[in-house]
Structures are given as structure tokens and as C-alpha cells.
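Okay, here's what each chain looks like letter by letter:
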Amino acid sequence: MKTVPAPTPSVRRAFLRARWRMLTRRLRGPVGLVAVLLVGLAVFGLAYAGPALAAGLATEVQVRDTVFWAGTLAALVFSYTSFEVFFRAPDARLLAALPVPGAARFDDLFVRAVLLHLPLLLPAAALAWGFATSPGPHPPGAALYALLVPTIQLVFGLPVAICLHLLAGRSLLGQSNGLRKVLAGASVPDDAALLVYAPAVGLLATLVGGIFVDLFLRDALMRQKTSLLAPVLLGGLAIGVWATVQARKIAATSLHLILPRFGEVDVPPPYREDGVRKVVPGEGLGRFLPPATLPYFLRDIRQIRRRHRLDRVLVLGFFVAALKLAHGGPAPGWRVVIALTLMNGVFIVSAFRLRGELASPWLDRTLPDNRRMAALGRLAATAHHPLVALGLATLAALTTGDVGSAALVLGAGLGLTAALLVASDRLAELGRGRAGLTASLWRVAIASLCLIAGGLV
Amino acid sequence: MTTSKPADHAPQSGLPLAPASNGQARRTPALEIRGLAKRFRATVAVDGVDLDVFPGELVGLIGPNGAGKSTTVKILTGQLLADRGQVRVGGHDVVGDPLAAKRATGYVPQELELYPFLTGRELLELVATIRGLDATTAQAAIDSLLERFRLTPAAHRMTREYSEGMARKLSICAALLGNPPLLVLDESLNGLDPRAAAEVKAVIREELARGTAIVLVSHILDVLERLCTRVVLIDQGRVVKVLDRAALDALSATGTTLETFFIENTGGAS
Ligand SMILES: Nc1ncnc2c1ncn2[C@@H]1O[C@H](COP(=O)(O)OP(=O)(O)OP(=O)(O)O)[C@@H](O)[C@H]1O
Ligand SMILES: [Mg+2]
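Residues numbered from 1 in each chain as written. Chains lettered and ligands numbered in written order. Predicted model: local features only at pLDDT ≥ 70, side-chain atom pairs only at ≥ 80, totals over all residues. Heavy atoms only, no water.

### Structural notes on the overall build of chain A
Worth spelling out the cut-off: Here a helix means four or more residues in a row that DSSP labels H or I, a strand means two or more in a row labelled E, and each is numbered from the N terminus. Values of the radius of gyration come from C-alpha atoms, whereas the globule rule sets the reference at 2.2 Å times the count of residues to the power 0.38. Accessible area is worked out with a 1.4 Å probe on protein chains only. A residue is then buried under 20% of its type maximum, exposed over 50%, and partly exposed in between. The criterion used for residue contact is that any of the two residues' heavy atoms lie within 4.5 Å. Residue burial considers only the protein chains on display, and all accessible areas are found by Shrake-Rupley using a 1.4 Å probe.
Scanning chain A from N- to C-terminus turns up 19 helices and zero strands. For 457 residues, the compact-globule estimate of 2.2 N^0.38 gives 23 Å, and the C-alpha radius of gyration of chain A, at 23 Å, lies within 12% of that figure. Considering only C-alpha atoms, chain A reaches an extent of 70 × 65 × 50 Å along its principal axes. Relative to its 457 residues, chain A shows a buried fraction of 48%. For chain A, contacts bridging at least 24 residues in sequence account for 80% of all contacts bridging at least 6. When the accessible surface of chain A is totalled, it reaches about 21,400 Å², and 71% of it is carbon and sulfur.

### What to know about the overall build of chain B
Per the secondary structure count, chain B includes nine helices and 10 strands. With 270 residues in all, chain B has 54% of them scored as buried. When contacts within chain B are restricted to residue pairs at least 6 apart in sequence, those whose partners lie at least 24 apart make up 71%. Working note: accessible area of chain B is about 11,400 Å², and carbon and sulfur atoms make up 52% of it.

### Re the nonpolar core
Nonpolar side chains tend to gather and get buried jointly when the protein is soluble and globular. All names here are of chain B. The criterion, for reference: The nonpolar core is taken to be a set of buried Ala, Val, Leu, Ile, Met, Phe, Trp, Tyr and Cys residues, with the residues joined through side-chain atoms within 4.5 Å.
Of all hydrophobic cores here, the largest spans 68 residues; its most connected members are Y115, F149 and L258. The greatest single-element share of this core, amounting to eight residues, is contributed by helix α5 (residues 164–176). V46, L51, V73 and A101 belong to the second largest nonpolar core, which has 30 residues in total.

### Observations concerning the pairing of strand β9 (residues 230–235) of chain B
One face of the sheet, then the other: side chains in a regular strand alternate in exactly this way. Residue and element names in this part refer to chain B. The condition that has to hold: DSSP calls a pair of strands paired once it identifies at least 2 bridges connecting them.
Within β9, six of the six residues are buried, leaving the element largely enclosed by the surrounding structure. A two-sided burial pattern is seen for β9, the buried positions comprising R230, V232 and I234 on one face and V231, L233 and D235 on the other. Here strand β3 (residues 58–62) pairs with β9 via four bridges, running parallel. In the sheet register, L61 faces β9, and the bridge partner there is V232.

### Focus: the sheet that holds β9 of chain B
Residue and element names in this part refer to chain B. Put simply, the rule is: Axis definition: a line fitted to C-alpha atoms, limited for helices to the stretch in contact. Angles are taken between N-to-C directions and run from 0 to 180 degrees.
A sheet is described by the order of its strands in space; here six strands give the open sequence β6-β7-β8-β3-β9-β10, paired in mixed fashion. A strand with exactly one partner marks an edge of an open sheet, and here the two such strands are β6 (105–108) and β10 (238–244). Mean inter-strand twist for the sheet, computed between neighbouring axes without regard to direction, equals 15°. Here β9 pairs with β10 via six bridges, running antiparallel. Note on β10: the bridge partner recorded for V232 is V242.

### Quick notes on the pattern of salt bridges
As a reminder, the rule being used: The term salt bridge refers to a pairing of a side-chain nitrogen on Lys or Arg with a carboxyl oxygen on Asp or Glu at a separation within 4 Å.
Enumeration over the complete set of coordinates arrives at 34 salt bridges over all chains. A salt bridge links D425 of chain A to R426 of chain A; its shortest N-O distance comes to 3.1 Å. Judged by relative accessible area, which is 4%, D425 of chain A ranks as buried. The partner of R34 of chain B in a salt bridge is D52 of chain B, and the shortest N-O contact between them spans 3.1 Å.

### Remarks on the domain arrangement of chain A
All names here are of chain A. Rule in force here: The split into domains, and so the bounds of each, comes from an automatic or database assignment of domains. Summed over both partners, buried area is the accessible surface (1.4 Å probe) that two parts give up on being assembled.
Assigned domains within chain A: domain 1 (58–266) and domain 2 (275–457). Placing the centre of domain 1 and that of domain 2 at their C-alpha centroids yields a distance of 27 Å. With eight residues of domain 1 at the interface, the matching set in domain 2 holds seven residues. Surface buried jointly by domain 1 and domain 2 totals about 650 Å² across both partners, of which 77% is contributed by carbon and sulfur atoms.

### Details of the interface of chain B and chain A
Interface size is commonly expressed as the accessible area that is lost once the parts come together. Contacts between the two partners involve 36 residues from chain B and, on the opposite side, 39 residues from chain A. Summing both sides of the interface, chain B and chain A together bury roughly 3,500 Å²; the carbon and sulfur share of this comes to 63%. Of all residues in chain B, R41, F117 and I130 of chain B give up the largest surface area on contact with chain A, accounting jointly for 21% of the area buried on that side. Residue R21 of chain A pairs with E122 of chain B through a salt bridge whose shortest N-O separation is 3.4 Å.

### Notes on the site of ligand 1
All names here are of chain B. Put simply, the rule reads: We call a residue near a given molecule or strand whenever any one of its heavy atoms falls within 4 Å of it. Whenever two N or O atoms come within 3.5 Å, that pair is a polar contact, provided that in protein one can donate a hydrogen and the other can accept it, and provided that, for residues adjacent in sequence, both atoms are side-chain atoms. Note on residue classes: Ala, Val, Leu, Ile, Met, Phe, Trp, Tyr, Cys and Pro are nonpolar, Asp, Glu, Lys and Arg are charged, and everything else, Gly too, is polar.
For ligand 1, the full set of nearby residues is F40, T43, A45, P64, N65, G66, A67, G68, K69, S70, T71 and H219. The backbone of G68 places a nitrogen or oxygen atom 2.9 Å from an oxygen atom of ligand 1. Within the side chain of K69, a nitrogen or oxygen atom sits 2.8 Å from an oxygen atom of ligand 1. Surface burial for ligand 1 is 63%, taken as the share of its 640 Å² of free accessible area covered by protein chains. Put simply, the parts of the chain that give the shell around ligand 1 at least two residues each are β2 (43–53) and α1 (69–76). Element by element, the count of residues in the shell around ligand 1 is highest for α1, at three residues. A class-by-class count of the residues in the shell around ligand 1 yields four nonpolar, seven polar and one charged.

### Some remarks on the environment of V215 of chain B
Residues and elements named next belong to chain B. Its location among the elements puts V215 in strand β8 (residues 213–217). On the basis of relative accessibility, which here comes to 1%, the residue V215 falls in the buried class. As for V215 and V53, which are separated by 162 residues in sequence, their C-alpha atoms are 7.9 Å apart. Setting aside its immediate chain neighbours within four residues, V215 contacts L31, V53, V59, L61, L182, L183, V184 and L185.

### A closer look at the environment of R39 of chain B
Residue and element names in this part refer to chain B. By the element assignment, R39 lies in strand β1 (residues 31–40). Distance in space between the C-alpha atoms of R39 and K69 is 13 Å, their sequence separation being 30 residues. Non-local contacts of R39, meaning those with residues more than four positions away in its chain, are made with V44, A45 and D83.

### Some remarks on empty space enclosed by the protein
The rolling of a water-molecule-sized probe over the atoms marks out the regions of remaining empty space. Residue and element names in this part refer to chain B. In plain terms, the rule: Cavity and pocket criteria rest on a 1 Å grid covering protein atoms alone: a 1.4 Å probe that fits but cannot get out defines a cavity, protein on both sides within 12 Å along at least 5 of 7 lines defines an open pocket, and an atom within 4 Å of a point defines a lining residue. Grid points are joined across faces, edges and corners, and a volume is the space filled by probe spheres set on the points.
Going through the model one piece at a time under the given rule, you end up with five cavities of 30 Å³ or more. For the largest cavity, the calculated volume is near 60 Å³. Along the walls of the largest cavity sit I172, L176, L183, L185, V200, V203 and I204, which together make up its complete lining. Elements represented by at least two residues in the lining of the largest cavity include exactly α5, β7 (182–186) and α6 (194–209). The element that contributes the greatest number of residues to the lining of the largest cavity is α6, accounting for three residues.

### Describing the packing of helix α5 (residues 102–117) of chain A against helix α10 (residues 229–265) of chain A
Think of two packed helices as two axes; the pair is described by the angle between the axes and how far apart they sit. Residues and elements named next belong to chain A. Spelled out, the test is: Our angle categories are set so that under 35 degrees counts as roughly parallel, over 145 as roughly antiparallel, 65 to 115 as roughly perpendicular, and the remainder as oblique. A clockwise turn of the near helix away from the far one marks a right-handed crossing, whereas an anticlockwise turn of less than a right angle marks a left-handed crossing.
Where α5 meets α10, the axes come as close as 7 Å, and the angle between the chain directions of the two elements is 130°. Classed by the angle they form, the pair α5 and α10 counts as oblique. For the pair α5 and α10, the sense of crossing is right-handed. When α5 is examined against α10, the residues G102, A103, R105, F106, D107 and F110 are found in contact with a partner set consisting of T244, A247, R248, A251, A252 and L255. Looking at side-chain class alone, the contact of α5 with α10 contains seven nonpolar, two polar and three charged residues.

### What to know about the sheet that holds strand β5 (residues 92–93) of chain B
Residues and elements named next belong to chain B. Pairing is antiparallel across the open sheet formed by four strands, whose spatial order is β2-β1-β4-β5. Each edge of the sheet is formed by a strand with only one pairing partner; in this case those strands are β2 and β5. Strand direction decides the pairing type here: β1 and strand β4 (residues 84–89), joined by five bridges, are antiparallel. The residue bridging R34 from the neighbouring strand is Q86, located in β4. Contacting β1, β2 and β4, α1 runs over the sheet at an angle of about 120° to β1.

So, in C-alpha cells, the structure goes:
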């Protein structure tokens, strides 16, 4: 039997070349223009807001607080999205039957994960830029501190998160046990239990690691104990490299087994065992719509609810966060509004989902065309959760007893939510066929704007 | 073994579509399936399938919708893990030595997936690299495949601009790169115009003549009736009937079509 040795290096190069070609072609045409505009807007906004934000931070504690939140926001995003990169890659099916060495596929996805998450450092860079350029009252070393803390967090946090995802993925290959049943509860099949917890554990690890990085860098940069600098940087790098090596080893030996198993368990249990539930949350909204929009509305809301079940949990989590923001700190009303914008603009936007994984171009072309009704139904379906979030935000503001603040949340929140819904819908329509890319650009832009606004408030 | 051809491609003498002779017992099968079983929770999809496919054989898999054909194909191409049983391609276990098994398999899926922003040629180049072909061999193979499927004029266009038939032909080219000893075609005659369908059938004949083993899943029974060396009927996850060439000829001699046979033997399922 003639067996060709695994050609890992050339496969890796071939992937890189193909990815680069695809990216540059995707960016042609109006989407490229919008991309340039959005990125330009984000960069310009950050360059403007960085100094404004930095000027308001006088004490060491304020600097550390702000940097902590920038780092936490980034960690919150990458600990979850790195999972999507590895387990729900759009080309997974295409490559499944080809002899791709696990290590080469790991390298391909790892590069993708790193590039995708680099923009998360933009806010930190803007803040650092602010400290470096404005002569304000901030402590010395603040610029380097603001840049380095989130960077080191990304350097070790992203590989650790990826390693945890793959470990959890490998656990799918064993038999289910009692602990996993308990962990899984009612929300996921028990064989997938660890997958649900891996992102949260990754987030926790990043935040705990971040506390140490913060302490050491505070001493090193703001209290001039520079001998601490090198050990922290090298330590973060070492953890990152170690986690990458571990993750790559798992991928090399088991990725070809993990991905098929994941494909099988990636179906929520109510739909696997007792068929599909008849009614999804939010369907009642249909009563207020013109009858002709109903089929479009039901199609979209059912698909969104069934595919993105975590949205509900996110909205509840948001309520807790809104309660906390409403009770304390300066300008609580505005802070709730910004959190709401972040929620509705970054986490539960459905406009891109309906153009990407949930789209059915074939049906769209064959069914009688009623564009206005389809658009209305789609808008209503994408609006449901954001409106619930708005209601909860208002409720949170009301619990403080300050009616003015609640009115502010309701008014400003309603305007912003409507603007986000319409704008994301238009952008998604423009970026049809490149839904993933357009969605990423949109999220980066909105997240940056929210961060800027947060700093200004 | 004196030729420079790969050993898995034992060249066959005689007619490409000759009935499987008793000589096949001495050859090693290109595909061996033993006691294969797979269930999805309550659904038993595959329930103890055994099947050998020898070099130069074209085996047609038929059966009612939901019989377990695609599940079987997904397991033998490494996209799904079996609960029980063993699959070997060219002697390589699909779980134990997945890279060697996948290198020995050319697969055309039922639902086509291509990189929409790569051109046809670039996609084939990527697949050739993954399959371990060196650059010169790859270019020669790609040129001749594109020519053979009349895709040369479209080779520099992005695959998102391809029609369904073009995409299917490109997918077949990708499966043929590197001359794998086993071809698995899931509904590969769908969406092809008569000329393209004829081309694909011609390619199937050529591949059989070079000793490639082919598994073809299809509902187009009259084509299977004419082309196959063996037809395997699967129902509710089990092999219920096997018709070799002689049996197929005997069937048509009595004026019974494969369609009638199918309907008579799968009464229970929908
Ligand atoms: N991922 C899955 N989860 C649950 N059940 C599945 C899954 N894939 C297939 N099945 C079930 O397994 C059985 C066999 O399906 P399979 O796709 O193999 O049928 P098939 O013979 O290819 O049918 P068709 O001719 O319609 O393509 C069916 O009952 C199907 O519902
Ligand atoms: Mg099928």
C-alpha cells in the first residue's frame, strides 16, 4: 500500500493563501466600501474618544477600573466566539471528508481566531493613545498599562479558551456520566454538558489571570518597580504558548473525531426527543401584525428562537446587569441605555442571522414575492428580544424610584433600539452573501461606539 | 506489481462492466464494511450493515427515504462516527487511520459545499494540496479534469457564480484528484444536463476500467440498472436484498424493472 506522508506545512500554506484570496474578494464592491467606512468610523471615534476618556481618569483606581472593564468586555466576547470559530466553521462540512491533518486544520482555525479577535484590542489602544497624548492628571505609566493589560489577557486568554473548548469537545468521545448529567440540567443534552461550560470557564480563567496581570503591571508601570515587567510579559506569553501547544496536540489526535460528534450533539434536546415545541416565545407579537406579514414573521421568529436559544439567557443576565448599573455610579440612566445598546446592537442582533445560516434563498426566489410584508415580518421577528430587553431595562431603572431616569431609559432606549434594528437590517441586506463578515464589522463598530460612550458618561 | 500504477489500482482485464467474477474473492476489497450500526437517540439509522466493494466494481445503494444510505456514506467518509462495526478503505480503518482512509476516498456529497469566493481552479488546487499531490502532478491532473468536464472556460470564475450542474461537476473533479481507489457518489447525477450526465457516466466507466471501486447512491433506478455490477437494497438500516449483475440481467429478462423490484421489496416503509 502506497501511503503519502501527511503534508502538513504545505497544507497550512495552501489554507493561508486561500483564506487571503477569499477575504480580499469578499471585501470587493459595496461591502468593502461599508467595511472601510465602518472601520474608519470606529478608528476615528476611538482616536477622538480616547483622549476624552483619558482626561477624566485622574487616579490610579479610576484607570485600573476602566482598563478592567475594557479587558472584561473583550474576554466576554472571545471566550464565546472562539468556540464558534472552532466548532461551527462554515467550511467544516466541506473539509470533513478530505484528508486534512488535524494540526494543519488547527493552525488554520487558530490564525482565524487570532485575526478575528485582534480588533478587540482597539478600545484599549485608544485609551492608551489618550493617556500618551493628553497631558492630563493621570498617573505615569498609565498608557503602557492600558495597552498591556488587555493585550496580555488576550495573549493567554484566547489560547486557554480554545484549549478548554477542545478539551470539552474531546469529552464528547467518552461515555456520559453522572456529573455531566447534573451539569447539563434540562437545557442541553448531557453528552454536551462540558461544551456549555467551557466558555464560562475560559472567561473565568482570563479574568482571574487578569487580576494578577493587573497587580503586577500596576506595580511595574505605575509604581516604577520595572523589574516586574519582564516576568509578567513572559509569564503571559508562556501560558499562551503552553495552551496553544496543548490545544494543537488535542486537535492533531482527535479533531477528526470531535467535529463529527459535535455535529451530532449540536441539536437542542427538546427537538431531538419529543419533536418540536409548537410555540416559541414571542409568537404572540404576531397578533398585532397585518395578517399578510404573519407567515414571514412566524418563519423568522421560529428559526431565530430555535437556533439561538441562549439569547433568552443573555436577556435575563442583562436584566441583572441593568439592575446593578441602575443602582449606583454616576448617570445611572445613561449607563443602562449604553448597556442596552450593547445588548441589542452586539449580542442579540438577528438581522445577519436571517441572511446567513437561517436564510433560504431558494424559497425566497420561488415563493410569491411580497417584499414589504416580508420586511415587516422580519423586522418584527428581530425586534422581539430587543424590545423585551428594553422593557427590562426600564423596569430596572424604575426600581430606583427615579421616574425621570426610567423615562430617559425608555425614550432613549426606544430610539436607539429602533435605529439599531433598521440599520442592522439595511446593512445585512447590503452584505447578503457575506453575512458573517458584515456581522463582525457591525459588532466591532457598535461595541467600539458603546465603549466610547461609556467612557464619556 | 510491475507497473508504476498504485497497487490499490489493480488493473482489470475484460469488460469494465463485466459481472463480478469469482476471481474477486482473491482480491482485497477497496471498501469493507462490517457490522456497521448507528442510532440517533431513538432512531435506528443503520442496523448491522455488511458490505464489500472490490476494485472495478460499481455498487448501487438504493432504498426508501430515511433507510440509512446517507448515514452509511457519512460514516465511511469520516463525517459521522459509528456506534458499532468497522469500516476500512483500501485496508485503512476510517477511525484508526483517518488520513490514509480519506486519501483513498473521493467523495461527492449530496449537498454540495464549495468555497464561494475561490475560483474553480483554486478550489481544485487547494484540494490537490490537501490530498498530498505535488505541484506539477496537481497542475497536470487539474488541467485534464477541467478539460474532461468542459469546465476550462469557467475555471477562473468564482464558484459562487456556478450553476448547480457546474458545481456538481467541479465537485466530481475534486473527488477524482489523486486517483483515489474508492469513489463515493451521493446522488451525483442530479442537476446535470443530458450531456453532462453522459460525461459523468463515461467517467464512471473509465474509472471502473482503471480498477476504481465506486459506490453510487441514487434514486435514478434505470441508470443503476444499466451501470451497476451490483445493486444493494437497504431498508430500515439493513441490507435486505443484493442483486449482482447476473440477477439484474435475469430481472430485466423477465421484463421486471428495478423500480418494480424496489416497490415490491420495500412495502413496509414509506
Ligand atoms: N443528525 C441526525 N439526527 C437525528 N436523526 C438523524 C440524523 N441524520 C439522519 N437521521 C435519521 O436517520 C435515518 C436515516 O437517515 P439517512 O439520511 O441515512 O437516510 P437516507 O437513506 O439517506 O434517505 P434519503 O433517500 O432520503 O436521502 C432517518 O430516520 C433520519 O431521520
Ligand atoms: Mg440521503
